[in-house]
Amino acid sequence: MNTFFDGLNSFCACLGDAVWSVPMIALLLGVGILMTIGTKFFQISHLFHWLKSSIGTIFSKSVPSSQKEGLSRFQALCTALASTIGTGNITGTATAIAMGGPGAVFWMWVSAFFGMMTAYSENVLGIYYRCKITDGKFDGGPMYYIRESFPKSRFFKWFSNALAVLFCICCILVSFGMGNMAQANSISMAFESTFGFSSLKIGTTIAIGVIIIIIGGTNRIGRTTEKLVPPMAIFYMFCSLWIIFSNHEQITHVLKIIFSSAFSLDSVAGAGGGVLVKRAVSVGFRRGLCSHEAGLGSAVFAHSSSGTKEPCVQGMVGIFVVFFDTMIICTLTAFVLLSTVCPAVSLEKALNGITKDAIIVNISNDKKAQELYLVDSSLSAQYVASRACDDQAERYTVSPESGIPFDVYIKKENLSPTRNTHTNVMTVRGISLDADGKETKDKNAPINAVKLEKIEGASLVSLAFTQKFGPFAVRILAVAIFLFAFSSIVGWSFYGLKAWQYLFKGSSGFVYKTIFSLCTFLGANVKLDLVWNLSDIFNGFMAVPNLLALVLLCPTVFKITENYVNRKIKAKPLKPILSVYEEKIKL
């Protein structure tokens with residue numbers, strides 16, 4: 001059975017590589033560029049207007065009377081932010097920098113710049129093509145404009161409906177996997193390692209919390225996200241800004257290395273790993289959603305459920321979501337990592353007094369080095385354990401805290417661009433090897449070898465926090481991961497439920513909610529390599545019909561935008577373009 005799952009996992013990984021290859025990234029960026037040019041660089045030319053129309057009005061929490069059971073604009077924003085601001089903002093950014101160096105941050109900004117208009121276009125079409133259902137609520141999502149994007153012939157009608165169904169199926173599967181199980185697993189790992197809670201208790205608690213929220217329907221989800229997202233974002237921003245201002249003398253250095261390394265091939269590769277994609281937890285951009293979800297269409301579910309009448313107004317809220325997620329949250333994480341330095345430790349000192357507990361060290365055999373950056377773009381090699389027969393290996397004496405000293409052989413292994421790491425930080429721990437050379441779990445076995453591993457992702461961010469907040473920082477980051485991951489679970493429960501109801505003609509979704517809660521419990525207690533790889537594939541299958549529809553319907557987006565600009569900004573007396581069904585539905 002294990003062999004079967006290992007083979008399936010390998011197959012899915014290869015398929016995911018094919019789905020999220022250069023053509024997919026080019027398509028995502030291409031659509032953003034198309035929408036930016038077609039709207040005459042709306043995100044720049046009307047910068048203050050969209051800021052005023054998003055930040056300035058989202059705090060009106062009242063729901064219009066025409067949609068008593070819907071979301072306010074603020075709740076729609078928070079629900080969208082709940083799914084976009086996730087653990088990928090911590091681990092994804094760190095992974096991108098570790099893979100591609102500081103220049104990857106620049107490409108994050110480029111991606112977000114064009115992604116703003118992709119998200120804007122999705123929301124404009126989401127509002128324009130949504131419909132009002134029998135109980136007075138609005139129902140919308142990418143599937144509604146996907147099915148309207150092709151000509152009205154019999155074949156294209158069937159084809160567009162099939163694409164809409166495919167989108168919903170993939171959305172449901174992603175909501176179970178990446179949007180739920182993977183997030184629950186992040187919480188479980190953080191709380192188990194930090195507070196010692198068992199994964200069984202953590203999974204049970206999270207599942208109960210999730211079922212209480214989602215069983216209350218759209219209103220309860222909206223109320224939860226509007227209470228959870230603002231303090232979550234403020235908490236993380238405060239901690240990050242504290243570190244950055246404490247390292248203020250390094251800000252010039254950070255900006256210099258970002259721009260100086262932005263156009264190297266490695267930096268571009270790293271940008272693909274952490275800019276376009278939200279949830280990159282361990283190995284690059286495929287391990288999550290796009291960092292801002294622009295192009296996947298998932299956030300349209302939340303925005304289409306708001307009481308906003310103007311498509312462009314909700315589109316501008318979408319611009320803000322991308323801006324806040326990437327330009328602010330991801331950038332703060334990047335600056336924390338790039339500005340932090342910690343004491344340099346020689347390899348001899350790191351090997352003195354080791355135990356079976358991993359210690360994090362910043363290794364340098366340069367005797368003049370007092371401190372090292374956590375991220376160093378000049379790093380081209382890392383320390384690895386080797387053998388005596390290796391001519392490049394050097395012999396070191398290990399002095400365990402308890403036990404007999406012994407010799408090991410360690411060398412610097414050159415890194416190729418495809419597996420580059422720009423972090424100096426490693427973990428060092430003692431291990432026990434049996435007669436066959438395999439690590440034994442016997443706690444009483446003496447230490448007779450060492451294990452060196454590079455630090456990436458959340459562990460690297462945790463070290464940066466520890467430099468300023470002390471050992472308590474680990475608890476701070478665990479809380480941040482909980483808030484980020486739990487909010488993502490709640491946000492994706494809303495998306496998956498909407499897709500479920502579309503497929504099953506307005507079903508209450510009791511079956512979906514039950515499965516979703518069980519997945520929460522399961523995710524906290526299992527390894528998720530296969531779940532991540534499957535989610536990567538389904539994310540791609542979600543993106544393709546959505547992006548295709550955006551391209552086909554771009555003239556509609558341009559027309560609606562021009563109408564709005566002429567009416568609201570240039571004060572021309574024109575009839576508003578609000579809905580494709582405006583003759584049938586009185587908004």
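(A) Spatial organisation of the overall build of the protein chain. Summing up its helical and strand segments, the protein chain has 21 helices and 11 strands in all. Counting the 587 residues in the protein chain, one finds 57% classified as buried. Taken as a whole, the protein chain presents about 24900 Å² of accessible surface, with 63% of it coming from carbon and sulfur.

(B) The nonpolar core, seen in detail. The biggest cluster of nonpolar side chains holds 135 residues, and the ones touching the most others in it are Y120, Y145 and F465. Sorting elements by how many residues they give to this core places helix 18 (residues 473-503) first, with 19 residues. Discounting chain neighbours no more than four positions away, the residues touching F465 are Y236, C239, S240, I243, V336, G470, A473 and I476. Membership of the second largest hydrophobic core comes to 18 residues, among which are I354, Y396, F406 and I447.

(C) Structural view of the sheet that holds strand 11 (residues 449-454). Taken in spatial order, the 3 strands line up as 5-10-11 in an open sheet, and their pairing is antiparallel. What marks the edges here is a single partner per strand, and that holds for strand 5 (359-362) and strand 11. Sheet twist, expressed as the average angle between the axes of neighbouring strands with direction ignored, equals 35°. Bridge analysis of strand 10 (residues 425-431) against strand 11 gives 6 bridges, and the strand direction is antiparallel. Across the sheet, the residue bridging to R429 is K451, located in strand 11.

(D) Layout of the packing of helix 7 (residues 103-129) against helix 21 (residues 554-569). At their nearest, the axes of helix 7 and helix 21 sit 10 Å apart, and the two run at 85° to each other. Considering the angle they form, helix 7 stands roughly perpendicular to helix 21. Contact residues: helix 7 offers Y120, S121, V124, L125, Y128 and Y129, while helix 21 offers T556, V557, I560 and T561.

(E) Representation of the confidence of the model for the protein chain in the model. Summing up the model confidence of the protein chain, the mean pLDDT is 79 and the portion of residues at 70 or higher is 82%. No element of the protein chain has a lower mean pLDDT than helix 13 (residues 265-274), which averages 48, and none a higher one than helix 21, which averages 94. Low confidence marks residues 61-69, where pLDDT is under 50. Its contacts with residues over four positions away, or in another chain, come to 21 contacts. Within the model, the stretch residues 272-290 combines pLDDT values under 50 with 101 contacts to residues more than four positions away or in other chains.

(F) Molecular detail of the packing of aromatic side chains. One pass over the full model with this rule turns up 25 aromatic pairs. Seen in terms of ring centroids, F176 and F516 are 6.5 Å apart; in terms of plane orientation they differ by 50°. Their pairing is tilted. Taken together, the residues span a long stretch of sequence, with F176 in helix 9 (residues 154-195) and F516 in helix 19 (residues 510-523) at a distance of 340 residues. F516 shares its class with F176; the two are buried.

(G) Local environment of the pattern of salt bridges. On inspection of all chains with the given rule, the structure shows 4 salt bridges. Of the charged contacts, one joins E310 and R567 as a salt bridge, the two residues approaching to 2.9 Å between their closest N and O atoms. Remark: R567 occurs in helix 21 and E310 occurs in the loop between helix 14 (300-304) and helix 15 (311-339); sequence separation between them is 257 residues. Of the charged contacts, one joins D390 and K411 as a salt bridge, the two residues approaching to 2.9 Å between their closest N and O atoms. Residue D390 is found in the loop between strand 7 (381-385) and strand 8 (394-400), and its partner K411 is found in strand 9 (residues 406-414); the two are separated by 21 residues along the sequence. One network of salt bridges, in which partners are shared, links R429, E439 and K451.

(H) Up close: unusual backbone geometry. With phi around 60°, K40 is a residue other than glycine that occupies positive phi space. Looking at the element boundaries, K40 is found in the loop between helix 2 (22-38) and helix 3 (42-45). Overall, K40 belongs to the exposed group, its relative accessible area being 65%. A positive phi angle, near 55°, is found at F41, a position not held by glycine.

(I) Helix 18, seen in detail. The terminal C-alpha atoms of helix 18, which comprises 31 residues, lie 45 Å apart, in line with the 45 Å expected from a rise of 1.5 Å per residue. In terms of burial, helix 18 is largely enclosed, as 25 of its 31 residues are buried. Phi for K505, located one or two positions after helix 18, is positive at around 55°.

(J) Examining helix 12 (residues 251-260) more closely. The complete set of buried residues in helix 12 reads V254, I257 and I258. For helix 12, the angular spread of buried residues about the axis comes to 105°, placing them on one side. Opposite the buried face of helix 12, at more than 90 degrees from it, the exposed residues are T252, K256 and S260. Taken together, the buried residues of helix 12 touch helix 7 and helix 15.

(K) A look at the side chain of S298. Checked against the element boundaries, S298 lands in the loop between helix 13 and helix 14. In this structure S298 touches E293, W492, Y495 and M542, once residues within four positions along its chain are discounted.

(L) Quick look at the packing of helix 7 against helix 15. Taken N-terminus to C-terminus, the directions of helix 7 and helix 15 make an angle of 160°; their axes are 7 Å apart at the nearest point. Between helix 7 and helix 15, the interaxial angle falls into the category roughly antiparallel. Considering how the two elements wind past one another, helix 7 and helix 15 form a crossing that is right-handed.

(M) Fine view of the environment of E348. Checked against the element boundaries, E348 lands in helix 16 (residues 347-350). Taking the C-alpha atoms as reference points, E348 and I363, 15 residues apart in sequence, are found 9.5 Å from one another. If near-sequence neighbours (up to four positions away) are discounted, E348 is found in contact with N365 and Y396.

(N) Spotlight on the environment of I243. Position of I243 among the secondary structure elements: in helix 11 (residues 217-246). In this structure the C-alpha to C-alpha distance between I243 and F335, which are 92 residues apart in sequence, comes to 9.0 Å.

(O) Spotlight on the side chain of S149. Note that S149 resides in the loop between helix 8 (142-146) and helix 9. Among the polar contacts made by the side chain of S149, one reaches the main-chain carbonyl oxygen of I146 at a distance of 2.6 Å. Discounting residues that sit within four places of it in the chain, S149 has contacts with A549, L552 and L553.

(P) Layout of the environment of W20. Mapped onto the elements of the fold, W20 is located in the loop between helix 1 (2-19) and helix 2. For the pair formed by W20 and I537, sequence separation is 517 residues and the distance between their alpha carbons is 8.0 Å.

Parameters and conventions
Residues numbered from 1 in each chain as written. Predicted model: local features only at pLDDT ≥ 70, side-chain atom pairs only at ≥ 80, totals over all residues. Heavy atoms only, no water. Helix = DSSP H or I, 4+ residues; strand = E, 2+ residues; numbered from the N terminus. Buried < 20%, exposed > 50% of the residue type's maximum accessible area, 1.4 Å probe, protein only. Areas by Shrake-Rupley, 256 points an atom, 1.4 Å probe, with all protein chains shown as cover. Core = buried A, V, L, I, M, F, W, Y, C linked by side-chain atoms within 4.5 Å. Contact = heavy atoms within 4.5 Å. Pairing = 2+ DSSP bridges. Axes fitted to C-alpha atoms, helices over the stretch in contact; angles between N-to-C directions. Parallel < 35°, antiparallel > 145°, perpendicular 65-115°, else oblique. pLDDT = per-residue confidence, 0-100. Phe/Tyr/Trp six-rings, centres within 6.5 Å; stacked < 30°, edge-to-face > 60°. Salt bridge = Lys/Arg side-chain N within 4 Å of Asp/Glu carboxyl O. Expected span 1.5 Å × (residues − 1). Arc of directions from axis to C-beta. Left-handed = near helix turned anticlockwise from the far one by under 90°. Polar contact = N/O pair within 3.5 Å; in protein donor to acceptor, adjacent residues only side chain to side chain.

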